[in-house]
Amino acid sequence: MNVTRQEDGQFELRMEEEEWRSLCQLLSQYPLTPADHHSLNSKNNPDPGLKESDQWLRDSVSKHQTDRELQIKQWLQGIEPVDNDEGHLYPVLFDAERADWLIEILNDLRVGSWMSLNCPAPETLADKSPDSEEWPRIWIMEVSGMYQSILLQALS
Amino acid sequence: MRFNAEPTVMPTVDPTTDQKTQEDVDPGYLVICWDDPVNLMDYVTHVFQKVFGWERSKADKHMLEVHENGKSMLVRESMEMAEHYVHQLHRYNLHATMERSE
């Protein structure tokens, strides 16, 4: 998988079939971050006046996630494979705005899977012997991070 | 014929609606971003650039402050604008809060 910059300023992420399937599988998990975890209020210094705003924030995040879920489905459906000698290739074209959209979605997956692992510190995760339930969550977390890094690097 | 005639029916204005309170406009709220071990450093910089329209160097400075000090005070704004920024940061899954400045 590699990213190239086109003359028109767009980027192209060229993916093998297996890579494409793993991206589709990853995105099908969206959203993973629970909307009710969001709060405007500091835990140490809560402002009672912001209680109502907290609910507004959670509703807004929830709506945002529903919109994104639909957008992901539409986006994936719009990407057609091209054939080469070795099989299908998936050329994913995107501009900076689309990259930002995808990076944000990948981050939801990364943060949500990390939360489902009880928010481990990086050193704890490295020493961990994951069980069969934890493996898929670690996979989501790490692969999302990898795609985020590729896209962020392309943008910079 | 008068082209600048006063309308005979004037709209009624309710002073209680669509008026901002003093709290809404006072830049008395701080937007704070908190550290967590999961968000990538480049991602945090990217989000600060997107949400606040900052140059890379300013976004990097605040990202490093979050990473090294556990938090960074990003902006001081009115209640309305502080809420707007915190909403944006939460959409990107950054841990941001707002509080009244002393």
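Before going into details, it helps to say that this report is about the structure given with it. Note that this is a predicted model, so its numbers are computed, not measured. (Residues numbered from 1 in each chain as written. Chains lettered and ligands numbered in written order. Predicted model: local features only at pLDDT ≥ 70, side-chain atom pairs only at ≥ 80, totals over all residues. Heavy atoms only, no water.)

Further remarks concern the overall build of chain B. Looking only at helices and strands, chain B features four helices and three strands. Pairs at least 24 apart in sequence give 68% of the contacts found in chain B among residues at least 6 apart. (Helix = DSSP H or I, 4+ residues; strand = E, 2+ residues; numbered from the N terminus. Contact = heavy atoms within 4.5 Å.)

Attention shifts here to the side chain of A:Thr33. Tracing the chain through its elements places A:Thr33 in the loop between helix H1 (17-27) and helix H2 (51-77). The class for A:Thr33 is buried, based on a relative accessible area of 2%. Only 2.8 Å separates the side chain of A:Thr33 from the backbone oxygen of A:Asp108, close enough to count as a polar contact. Not counting the four nearest positions on each side in its chain, A:Thr33 is found in contact with A:His38, A:Gln65, A:Asp108, A:Val111, A:Gly112, A:Met115 and B:Asn93. (Buried < 20%, exposed > 50% of the residue type's maximum accessible area, 1.4 Å probe, protein only. Polar contact = N/O pair within 3.5 Å; in protein donor to acceptor, adjacent residues only side chain to side chain.)

Take the sheet that holds strand S2 (residues 11-16) of chain A next. Residues and elements named next belong to chain A. In space, the four strands of this open sheet follow the order S1-S2-S4-S3, with antiparallel pairing throughout. Since the sheet does not close on itself, it has two edges, and those belong to strand S1 (2-5) and strand S3 (82-84), each with one partner. The average undirected angle you get between the axes of adjacent strands in this sheet is 30 degrees. As judged from the six bridges shared by S2 and strand S4 (residues 87-94), these two strands associate in the antiparallel manner. What sits directly across from Arg14, in S4, is Pro91. Packing of H1 onto the sheet brings it into contact with S2 and S4, and relative to S2 it is tilted by some 105 degrees. Strand contacts of helix H5 (residues 134-155): S1, S2 and S4, with the helix running at about 150 degrees to S2, the strand carrying the most contacts. (Pairing = 2+ DSSP bridges. Axes fitted to C-alpha atoms, helices over the stretch in contact; angles between N-to-C directions.)

A separate point is empty space enclosed by the protein. Throughout the structure, instances matching the rule amount to one cavity of 30 Å³ or more. In this structure, the largest cavity occupies an estimated 60 Å³ of space. Looking at the largest cavity, the residues that line it are A:Tyr30, A:Thr33, A:His38, A:Val61, A:His64, A:Gln65, A:Glu104, A:Asp108, B:His90, B:Arg91 and B:Asn93. Every element with two or more residues in the lining of the largest cavity is listed here: H2 and helix H3 (96-116) of chain A together with helix H4 (79-91) of chain B. In terms of residue count, H2(A) provides more of the lining of the largest cavity than any other element does, three residues in total. (1 Å grid on protein atoms, 1.4 Å probe; cavity = no way out; pocket = protein on both sides within 12 Å on 5 of 7 lines; lining within 4 Å. Points joined across faces, edges and corners; volume = space filled by probe spheres on them.)

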